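Observations on the three-dimensional arrangement
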Amino acid sequence: MSISRRSSAITIAATAALAVLLAGCSGDSDDGGTGGGEGTDAEYNDIVFWTPQVTPSRLAAQEQIAADFEAETGIAVEVVPLGGADQNQALVTGAASGDVPDVILHGADQTAAWVAQGLLDTEVTAAAVETLDPSTFNENALNQVTLDGEVASVPSDGWVHLIVYRQDLFDAAGIEVPTNLAELAEAATALSETGVTGIALGTQSGTPSSTEAVNSILPTNGCELVVEGDVTIDSPECVEGLERFLELRDSSVSGDLDVPAAQAAYLAGDAAMLLFSTHIFDELAGLSPDVPVTCAECVDNPMFLAENSGFITVLDEANPNQYGTVLGYGVPVGANATEAQMFIEYVMSTGYVDTLATATEGRLPLRLGTPENPSEFIDAWGGLPIGPAPEEGVSIASIYGEEIVTDINAGMESVYRWGFGTEDAELAGAAFTQGTLSSNLDALYGGTPAADVAATMAEQVSALQAELG
């Protein structure tokens, strides 16, 4: 993002017994309900909806949306809370027995895997997007879920990584806000010399935290994991990216961090920058009792960090590749297709703002508006209450200014994950899940040249590619 776009950062997994999960499926069941919604005499099946938004408050909000849908259509919706990993297992098992849910809210990485396994009815989701109008969607998100020319899920919402920075510390040190990875590393190093961590991010080798950080930092330098089947993680852009990653890591004055520790460092005032998701918005403003602001200045002014922080939503406009997540609605093969499409179209229109409000800071809209009002939903999102105990009138826009809404949308337009929307999605997903790259960070930290580390990474990714066939 350019300077003009700068403003002054998970889904929680659920666990459940497989027998219970499969009981919450409909598939080809013929015992569905009869639609009796006002204005219609059509007969419809009741449906089952799996969601990864599983906290009690989010679940209750989704159940209310389902109840509103039933009141309008007569179609009852059973809302089943189910984290991503459990969705994967239960869908495969259910597909084998012919017992599947009707709609699943899931990540774009799952979309690619399920399409490869023949588990999704892409005709239904393509028809829903066509009805809603493709031009009203975030184009980048739509591309990520378009596989083999078919829209395999309907993009709903997501989150994106930000770089949060202390404007007061930047001003005191005479440092400009960075506009690329090299400048970011230089700023982090200079700020660390003032006694604070330059940038807090996940750097513990081989952990999910560092896997996410590597996948966030390297693409901003134009680094690609794989291009059209050719492993490219040893390219010059990737080698330079690793060198910059080492500089960022070395800017920590308190050693290697995981994501919670990085977050805590910034909230304590011990870090000048933080790599985190948009989930940081409420915590930064002191709205989350479970994750409090603890900086010295925050004792007298809980809003101190919110008032003195800026946000980089796109680091380098030459490489607008920001790590993030795209969630979308998919329809399994064998589901009640008509009813599933009706539900998706409802939650992406009449029920969309209420859907986003279930977790405002983590559910950024991927449908920006309607043909009649192209910015309707993104504008509404900026005014939604945030935090675990949302208060009327306390929104992202009211705390951070109206400009943040535009900036965050620019970040969502730049959400990028290696391989997504291409035939290399399965390889990229496997490398991410297995921590193939981050397992080599100790060597980088120990003095092994970045070029050698990248070469080892390339060998391991190539081996994984061969295993996948």
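What you are looking at is a predicted structure, and each value in this text was computed from that prediction instead of being measured.

**What about the nonpolar core?**
- Residues Val154, Leu284, Tyr329, Met348, Trp381 and Tyr400 are the most contacted members of the largest nonpolar core, which totals 76 residues.
- The greatest single-element share of this core, amounting to five residues, is contributed by helix 14 (residues 337-347).
- If you look at the next biggest cluster of nonpolar residues, it comprises 49 residues, including Leu181, Ala213, Leu242 and Met457.

**Here we look at the state of the cysteines**
- This structure, assessed with the given rule, holds two disulfides.
- Note on cysteine connectivity: Cys223 is disulfide-linked to Cys238, with sulfurs 2.0 Å apart. Residues Cys223 and Cys238 are joined through a disulfide that is right-handed, its torsion about the S-S bond being 95 degrees. In this pair, Cys223 sits in the loop between helix 9 (208-217) and strand 7 (226-227) while Cys238 sits in helix 10 (residues 236-250), placing the two residues 15 residues apart along the sequence. With respect to class, Cys223 is no different from Cys238; both count as buried.
- Described in terms of the sequence order of its bonded cysteines, the disulfide pattern of the protein is 1-2, 3-4.

**Looking at unusual backbone geometry**
- Unusually for a residue other than glycine, Asp133 sits at a positive phi of about 90 degrees.
- With respect to the element layout, Asp133 can be found in the loop between helix 5 (122-132) and helix 6 (139-144).
- Owing to a relative accessible area of 24%, Asp133 belongs among the partly exposed residues under this scheme.
- Backbone geometry places Asp148, a non-glycine residue, at a positive phi of 55 degrees.

**Regarding the packing of aromatic side chains**
- Summed over the entire model, instances satisfying the criterion amount to 11 aromatic pairs.
- Ring centres of Phe311 and Tyr400 lie 5.2 Å apart, and the angle between their planes is 85 degrees; on these two criteria the pair is classed as edge-to-face. Placement of the pair is Phe311 in strand 10 (residues 309-312) and Tyr400 in helix 17 (residues 396-400), with a sequence separation of 89 residues. No difference in accessibility class separates Phe311 from Tyr400, as the two residues are buried.
- Between Tyr352 and Phe377, the ring centres sit 5.0 Å apart and the planes meet at 90 degrees, which makes this aromatic pair edge-to-face.

**Let's talk about the packing of helix 8 (residues 181-192) against helix 10**
- Running from N to C, helix 8 and helix 10 point in directions that differ by 20 degrees, and their axes come no closer than 8 Å. Considering the angle they form, helix 8 stands roughly parallel to helix 10. As helix 8 packs across helix 10, the resulting crossing turns out to be left-handed. Together, Leu181, Ala182, Leu184, Ala185, Ala188 and Thr189 of helix 8 and Gly241, Arg244, Glu247 and Leu248 of helix 10 make up the contact between the two elements.
- Split into classes, the residues belonging to the contact of helix 8 with helix 10 amount to six nonpolar, two polar and two charged.

**Structural notes on the side chain of Asp316**
- By the element assignment, Asp316 lies in the loop between strand 10 and strand 11 (324-330).
- Among the polar contacts made by the side chain of Asp316, one reaches the main-chain amide nitrogen of Ala318 at a distance of 2.8 Å.

**Focus: helix 5**
- Buried within helix 5 we find Thr122, Val124, Thr125, Ala128, Val129 and Leu132. Around the axis of helix 5, the buried residues are gathered within 160 degrees of arc, so they sit on the same side. Residues of helix 5 that are exposed and point over 90 degrees away from its buried face: Glu123, Glu130 and Thr131.
- Buried-residue contacts for helix 5 involve helix 4 (108-116), helix 6, strand 5 (150-151), strand 6 (154-166), strand 11 and helix 14.
- Two or three places before Glu123, at the start of helix 5, stands the capping residue Asp121, its side-chain oxygen 3.2 Å from that residue's backbone nitrogen.
- One or two residues past the end of helix 5 sits Asp133, with phi positive at roughly 90 degrees.

**What about the pattern of salt bridges?**
- Evaluated as defined, the whole model comprises six salt bridges.
- The closest approach of N and O atoms between Glu240 and Arg244, which form a salt bridge, is 3.6 Å. Placement of the pair is Glu240 and Arg244 together in helix 10, with a separation of four residues, close to one helical turn.
- Classification of Arg244 by relative accessible area gives partly exposed; the value is 22%.

**Regarding the environment of Pro365**
- Among the structural elements, Pro365 can be located in strand 12 (residues 364-365).
- The exposure class assigned to Pro365 is buried, which follows from its relative accessible area of 1%.
- Here the alpha-carbon distance between Pro365 and Val353, two residues 12 residues apart in the chain, equals 8.7 Å.
- Ignoring any residue separated from it by four or fewer positions in sequence, one finds Pro365 in contact with Ser156, Tyr352, Leu356, Phe377, Ile378 and Trp381.

**Regarding the environment of Ile404**
- Mapped onto the elements, Ile404 comes out in helix 18 (residues 403-413).
- The spatial distance from the C-alpha of Ile404 to the C-alpha of Thr313 is 9.3 Å, given a sequence separation of 91 residues.

Analysis parameters
- Residues numbered from 1 in each chain as written.
- Predicted model: local features only at pLDDT ≥ 70, side-chain atom pairs only at ≥ 80, totals over all residues.
- Heavy atoms only, no water.
- Core = buried A, V, L, I, M, F, W, Y, C linked by side-chain atoms within 4.5 Å.
- Buried < 20%, exposed > 50% of the residue type's maximum accessible area, 1.4 Å probe, protein only.
- Helix = DSSP H or I, 4+ residues; strand = E, 2+ residues; numbered from the N terminus.
- Disulfide = S-S within 2.5 Å.
- Phe/Tyr/Trp six-rings, centres within 6.5 Å; stacked < 30°, edge-to-face > 60°.
- Axes fitted to C-alpha atoms, helices over the stretch in contact; angles between N-to-C directions.
- Parallel < 35°, antiparallel > 145°, perpendicular 65-115°, else oblique.
- Left-handed = near helix turned anticlockwise from the far one by under 90°.
- Contact = heavy atoms within 4.5 Å.
- Nonpolar A, V, L, I, M, F, W, Y, C, P; charged D, E, K, R; others polar.
- Polar contact = N/O pair within 3.5 Å; in protein donor to acceptor, adjacent residues only side chain to side chain.
- Arc of directions from axis to C-beta.
- Salt bridge = Lys/Arg side-chain N within 4 Å of Asp/Glu carboxyl O.

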